[in-house]
Amino acid sequence: MAPGPTADVWYSLFNLYTTAAVAINILIIIIFIYFLYKYRGYRADSSAGGIDAKKLAIVFVIVSAIIFYSLEFYTLNAMRFVEEVPENPDMVIEVDAFQWAWKFIYPNGTESLGTLKVPRGTLVLFKVTSLDVHHKFGIPALKASIDAVPGRINYLWVRFDEPGTYTVRCYELCGLGHANMMAQIIVT
Amino acid sequence: MDEEVKYTVVWLILVVFTVIEVQLIGISLVYTIIILTILLLAGVKAILVAGFFQHLFYEKKYIGIFYASSVFMIVAIILTWTFGR
Amino acid sequence: MDEVSFIKKWLTTTNHKDIGILYTVTALYFLVVGGSLAVLFRIQLFQPLMDFLGPHKFNQAITLHGLIMVLWAVSPLAFGLANYFVPLQIGARDLAFPRLNAMSYWLYLFSGLLLVSSVFLPGGGPDVGWTYYAPLSTSKFSPQPGVTVAGLAIVMLAASVTLGTINFIVTIAKMRAPGMTWMRLPMFTWGILFTVALMLFAFPPLAAAVLLLAADRVFGAPFFSSPYGGAILWGHMFWFFGHPEVYVVLSPAYLLMMDIVATFSGRELVGKKYIIYSIFAAVVLSFVVYIHHMFTTGINPLVREVYSVTTETISIPFGVATLSVIATLYKGRIRLTTPMLFAVGSVFLFLIGGSTGVYLSSVALDHWFRGTYWVVGHFHYQLVGAGLMALFAGLYYYYPKMTGRMYNEKWGKIHFIISFISFNLLYFPMFLLYDMPRRIYTYQPETGWAPLNMVASIGGWIFAFSFLIMVVNFYRSLRIGAPAGENPWEADSLEWTIPSPPPEHDFDTIPTMSSVSADGGVETVEHVHFHSLMPFLISLSIFIAFVGLATSIVLTFIGLLVLFLTIANWYRTDILERFSTKEIEYEAYPFEGVVKEKLGVWVLVASETLLFASIIGAYLFLRVRTPGWPLSYTIHDLRIGLINTIILLTSSLTIALALAYVKHGEMGKFKASLFATFILGGLFIVIKGFEWSELASEGFIIGENLVASTYYIATGLHAAHVLAGLLGILYLIFKAYRGKFNSQKYVGVESIGIYWHFVDIVWLFLFPLFYLI
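Residues numbered from 1 in each chain as written. Chains lettered and ligands numbered in written order. Predicted model: local features only at pLDDT ≥ 70, side-chain atom pairs only at ≥ 80, totals over all residues. Heavy atoms only, no water.

### So, the overall build of chain B
Scanning chain B for helices and strands turns up 3 helices and 0 strands. Against the compact-globule benchmark of 12 Å for 85 residues, chain B has a radius of gyration of 16 Å, which places it well outside the compact range. In chain B, which comprises 85 residues, the share counted as buried stands at 42%. When contacts within chain B are restricted to residue pairs at least 6 apart in sequence, those whose partners lie at least 24 apart make up 49%. Surface accessibility of chain B: about 4400 Å² in total, with carbon and sulfur atoms responsible for 77%. (Helix = DSSP H or I, 4+ residues; strand = E, 2+ residues; numbered from the N terminus. Rg over C-alpha atoms; globule rule 2.2 N^0.38 Å. Buried < 20%, exposed > 50% of the residue type's maximum accessible area, 1.4 Å probe, protein only. Contact = heavy atoms within 4.5 Å. Areas by Shrake-Rupley, 256 points an atom, 1.4 Å probe, with all protein chains shown as cover.)

### Let's talk about the overall build of chain A
Helix and strand counts for chain A come out as 2 helices and 10 strands. Ordered by position in the sequence, the α and β elements of chain A form the string α-α-β-β-β-β-β-β-β-β-β-β. Here chain A has a C-alpha radius of gyration of 24 Å; the compact-globule value for 188 residues is 16 Å, and the former is much larger. In terms of its C-alpha atoms, chain A occupies a principal-axis envelope of roughly 80 × 35 × 30 Å. Every one of the 188 residues in chain A was classed for burial, and the buried ones make up 51%.

### Remarks on the sheet that holds strand β6 (residues 135-139) of chain A
Residues and elements named next belong to chain A. Spatial ordering of the open sheet is given by β4-β10-β9-β6-β7, a layout of 5 strands whose pairing is mixed. Looking at which strands have only one partner, the edges of the open sheet turn out to be β4 (115-118) and β7 (144-148). Neighbour-to-neighbour, the strand axes of this sheet turn through a mean angle of 20 degrees, independent of strand direction. Summarising the sheet, β6 and strand β9 (residues 164-170) pair through 2 bridges and their orientation is antiparallel. Paired with Phe137 across the strands is Cys170, a residue of β9. (Pairing = 2+ DSSP bridges. Axes fitted to C-alpha atoms, helices over the stretch in contact; angles between N-to-C directions.)

### So, the nonpolar core
Formed by 376 residues in total, the largest nonpolar core has its most connected members in Phe126 of chain A together with Trp72 of chain C. The leading source of residues in this core is helix α7 (residues 230-265) of chain C, at 23 residues. Ignoring anything within four residues of it in the chain, the contact list for Phe126 of chain A reads Ile93, Val95, Phe104, Leu116, Phe137, Ile139, Asn154, Tyr155, Leu156, Val158 and Ile185 of chain A. (Core = buried A, V, L, I, M, F, W, Y, C linked by side-chain atoms within 4.5 Å.)

### Observations regarding helix α19 (residues 667-697) of chain C
Residues and elements named next belong to chain C. Over its 31 residues, α19 extends 45 Å from the first C-alpha to the last, a length consistent with the 45 Å expected when each residue adds 1.5 Å. Buried positions along α19 lie against α18 (638-664), α20 (706-737) and α21 (747-772). Backbone geometry just after α19 places Gly699 at a positive phi near 85 degrees. (Expected span 1.5 Å × (residues − 1).)

### Remarks on the pairing of strand β1 (residues 510-513) of chain C
Residues and elements named next belong to chain C. Judged by which residues are buried, β1 turns out to be covered on both faces: Ile510 and Thr512 on one side and Pro511 and Met513 on the other are all buried. Pairing geometry for β1 and strand β2 (residues 518-522), over 3 bridges, is antiparallel. What sits directly across from Ile510, in β2, is Val522.

### A short note on a nonpolar patch on the surface
Residue and element names in this part refer to chain C. A cluster of nonpolar side chains, contributed by Ile417, Ile421, Leu425, Val455, Ile458, Ile462, Phe465 and Leu468, occupies part of the molecular surface with about 670 Å² of accessible area. If you list the elements that add at least two residues to the nonpolar patch, you get α13 (409-432) and α14 (450-480). The biggest single contributor to the nonpolar patch is α14, with 5 residues. By the element assignment, Val455 lies in helix α14. A relative accessible area of 34% means that Val455 is categorised as partly exposed. (Patch = residues over 30% accessible without salt bridge, like charges linked within 9 Å, V, L, I, M, F, W, Y side chains within 5 Å. Salt bridge = Lys/Arg side-chain N within 4 Å of Asp/Glu carboxyl O.)

### Comments concerning the packing of helix α5 (residues 145-174) of chain C against helix α6 (residues 187-219) of chain C
Residue and element names in this part refer to chain C. α6 packs onto α5 with a crossing angle of 150 degrees between their chain directions and a minimal axis gap of 8 Å. In terms of their interaxial angle, α5 and α6 are classed as roughly antiparallel. Relative to α6, the crossing made by α5 is left-handed. Across the interface between the two elements, Val147, Thr148, Gly151, Ile154, Val155, Leu157, Ala158, Val161, Thr165, Phe168, Ile169 and Ile172 from α5 touch Thr189, Ile192, Leu193, Val196, Met199, Leu200, Phe203, Leu206, Ala207, Val210, Arg217 and Val218 from α6. Broken down by class, the residue content of the contact of α5 with α6 amounts to 19 nonpolar, 4 polar and 1 charged. (Parallel < 35°, antiparallel > 145°, perpendicular 65-115°, else oblique. Left-handed = near helix turned anticlockwise from the far one by under 90°. Nonpolar A, V, L, I, M, F, W, Y, C, P; charged D, E, K, R; others polar.)

### Section: the domain arrangement of chain A
All names here are of chain A. When cut into domains, chain A gives domain 1 (5-83) and domain 2 (91-187). Computed over C-alpha atoms only, the centres of domain 1 and domain 2 are separated by 37 Å. Facing 7 residues of domain 1, the contacting portion of domain 2 comprises 7 residues. Summed over both sides, the interface of domain 1 with domain 2 buries roughly 670 Å², with 65% coming from carbon and sulfur. (Domains from an automatic or database assignment. Buried area = accessible area lost by both parts, 1.4 Å probe.)

### Looking at the sheet that holds strand β2 (residues 101-105) of chain A
Note: strands within a sheet are paired through backbone hydrogen bonds, in either parallel or antiparallel orientation. Residue and element names in this part refer to chain A. Taken together, the 5 strands give an open sheet; going across it, the order is β3-β2-β1-β5-β8, and neighbouring strands pair in mixed fashion. Strand pairing shows two members of the sheet lacking a second neighbour, β3 (111-113) and β8 (154-159), which therefore form its edges. If you compare each strand with its neighbour and ignore which way they point, the axes differ by 25 degrees on average. Strand direction decides the pairing type here: strand β5 (residues 123-130) and β8, joined by 6 bridges, are antiparallel. Residue pairing for β8: Val124 is matched across the bridge by Val158.

### Focus: the side chain of Gln54 of chain B
For Gln54 of chain B, the location among the structural elements is in the loop between α2 (31-53) and α3 (61-83). Take Gln54 of chain B: its relative accessible area is 1%, and that puts it in the buried class. Setting aside residues no more than four positions away along its own chain, Gln54 of chain B makes contact with Val49 and Tyr67 of chain B together with Trp602, Ile754, His757, Phe758 and Ile761 of chain C.

### A look at empty space enclosed by the protein
Residue and element names in this part refer to chain C. Scanning the model with the defined rule gives 8 cavities of 30 Å³ or more in all. As a volume, the largest cavity reaches approximately 190 Å³. The wall of the largest cavity is formed by 19 residues, among which Tyr23, Phe79, Ser160, Val161 and Met199 lie closest to the centre. For the lining of the largest cavity, the secondary-structure elements that each account for two or more residues are α3 (54-90), α4 (98-117), α5 and α6. Across the lining of the largest cavity, the residue classes tally to 11 nonpolar, 7 polar and 1 charged. (1 Å grid on protein atoms, 1.4 Å probe; cavity = no way out; pocket = protein on both sides within 12 Å on 5 of 7 lines; lining within 4 Å. Points joined across faces, edges and corners; volume = space filled by probe spheres on them.)

### Focus on the interface of chain A and chain C
Contacts between chain A and chain C engage 74 residues on the former and 75 residues on the latter. Between chain A and chain C, the buried area comes to about 6800 Å², and carbon and sulfur atoms account for 68% of it. Contact with chain C buries surface across chain A, with Phe32, Tyr171 and Leu173 of chain A losing the most and accounting together for 10% of the total. At the junction of chain A and chain C, the tally comes to 4 salt bridges. The residue Arg304 of chain C makes a salt bridge to Glu83 of chain A at a minimum N-O spacing of 2.5 Å. Where chain A meets chain C, there are 26 residue pairs in polar contact (both at pLDDT 80 or more). Of all the elements in the fold, those that place two or more residues in the side of chain A that touches chain C are α1 (5-38), α2 (53-83), β6, β7 and β9 of chain A. Considering each element in turn, the side of chain A that touches chain C owes the most residues, 18 residues, to α2 of chain A. Residue classes in the side of chain A that touches chain C are distributed as 43 nonpolar, 17 polar and 14 charged. (Polar contact = N/O pair within 3.5 Å; in protein donor to acceptor, adjacent residues only side chain to side chain.)

Laid out in structure tokens, this is it:
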């Protein structure tokens, strides 16, 4: 079972892209290797090969446009789902990123450095900002992430469906402590 | 000489437009209209300088296209940067 | 040849083949530097919690690795081949401006040395990532001078690139042999043409961004530390350059690969016309995809959706091109030589890199991927796999032509097999590490990332080692390789019709073309290659001046003095016209009759337009976001602005008249007009200086706030251009008094006039934006 809806959406989109990429690449690579093998030192027809390049190009453009734009359609759906800021979140948490730690501020004003406790199944809205340089707030298990930009508040919603301890990491180079800029989210 | 007359006329238009730009400041109109008018006048002046002084009107067509492509880039840059919040 | 004249030859050469070799060797040197850094940080990442480099050294290593590889190694390697082979492929005997070409090279070399030397400054080299993200790169968070010096190196490189861009565009447009139409150009020349077009529009925004950052770091001007979008502004400015730069690195290699595949398939490329159209479409599109680097910054969703669609779209033209390459193999006569193996291998890697890039065009997937190793894996497949591997193919392909000897084929194939396998060992695990953040110097054992990192590190070390196989092979074959002959690969472009290595003057007669291969020749005037030490001296003096900025100001003055003397000497030799050659034009559509110098100035103007557009764009970006920005006319004295505008407009009139007079042979009025232009331009500068000192005495100084900083940067950059224009007009005046102009010979007046009018046009926009509204 996936730990939350954001991860569900992300992985199903990822699998869709991977299916398309693997299928197309295998097809092309098989043709490629077959040609390389078959026509190695081949001496028959060295001029034209009888390929109508124009037709080939047109067919390819149409086929690939259909593939790419249908992938894009699913992308835009997923994007709207994960980016839609919920109107009535169960909990609004302010996240202040700074060199090199995360500060969480609960709705009642309590501050916590590096640890956040949330009950399982709550819809949490993070209001993410940075106090100094550009950071990126990311929760790997939920595939949920947003930039922490100085002077700007970005919104990110998540729901933890599974209890456990989740790691938060910084995903934008922010100086010497970048590698160790982590926090824990404890879901009970 | 023809050019003397032509260039001097263009120069006069440029100067008059510049004076108009300055005079527009401080009159009572919606400020957006003033800004747009001033920028429009500046654009016309730029076209006059490029067209007559830089001879762009008399050059090979492709030099104009080349130049226009960089102007297109500018519009792209300024619009995306200014309004891509 | 004795030792002294050997050194003198290489320092003063302006021959495109010599400069091509200099570029290639220097690029390979920087490749070794960048690669060694990678070997070091792969040791640090080999196991969890390794204690080898530590965060400070690690961050410097990755930053320099990125900067060197992207800007100083892979792209210049392509330009080494381009210097050597573009003139040969189009049937010319050199580039359009040989001395500027030498200048490009020396600026490139010294900018690279400047970058590398930043490591030895107190506080070390740049450690903010090659993307230089602000505000981390501002003086508040990274005060060490190394960051500034590396920025200056980038500005120097941008100058080198701009000169090279002008040179190649004019060369390819104007110097093609009779019958060498656009569609008959080999793909590599097309690749370079696309690349320089991209560079022309991409580098000015980078230069502008770095200049603003330098103002931030030196004068405390708060552009990127502004809380009202400073960080986002850096993203816009950097990635407007950064995305096209990917294609700058990729496209020469990608199109060179097509020439190689066609040669070793024994047939013409299938659908060459459609490939060219496709790449052209990709070049245009590449300027409207860069927001995908900013998908997670939270900017306007509509902008991101549009850019997501354009990014998906850019895969289509590359798909068409790749498909044509595969179709070329069909019923061909395939010979799997080393260059062909590398070319075909690069197509495989391009397929994988391209597919993984499609994931990144998806906003929803990129939300996660941004900043992870997936991105690292993707762009290394593109830049190293598709780019560098194809350039290696090019090196093997052209080695016989450049040296006259064959390399060792067996060791070439061994190199391919080892590098192809180790490449995949190195980069494929990175896709599986899609939870690991980029640029972390260490990770914990419980993350489970250790095995994949271990594989990647081992692959990386083998990949680095495999490079040595090529170096040794090339070095040994210089003496013991079998003679290559004119055309060892049975290829049909022009460079294969002349001896290997080509003679000093390249072609005995200029070839004529009635199909894709040469079928005759025309006699032309003898071509002379000049020698000049000035490109070297100018670049060296700029290098010394920049080093002085970081260490001791005395060095800066010495550098500027040498620079001044060299430019004065350049003037002297130019006015004596020792370097002038007769211009003959064959195939120049669509620029028939447009003199080279004039076309060059037009190209320069297009690039400068983008520089100012970037500065103005940054100003408007900050202005619409910053609350309480005062209206300009409340700060500035409108009368001074008005007077200066009219002065500059009048100077445009006088130089336009000067051209008209010289065309009609009225030399007295011509000289008077030039003189008037110089006086008016000088007056503009004097009034500007007076105005600045007034403003400064009122406390309106750079670094004080955004209003003052944007004003001084924009008008200061413009004033610098006016000064450059004045130098040009001074040159015209000297030349006019020496009687070097007449009613037939006035291209200098026309070219500098175009530049002067451009500077005027810029002011026409700066005046309303900074004085009125």
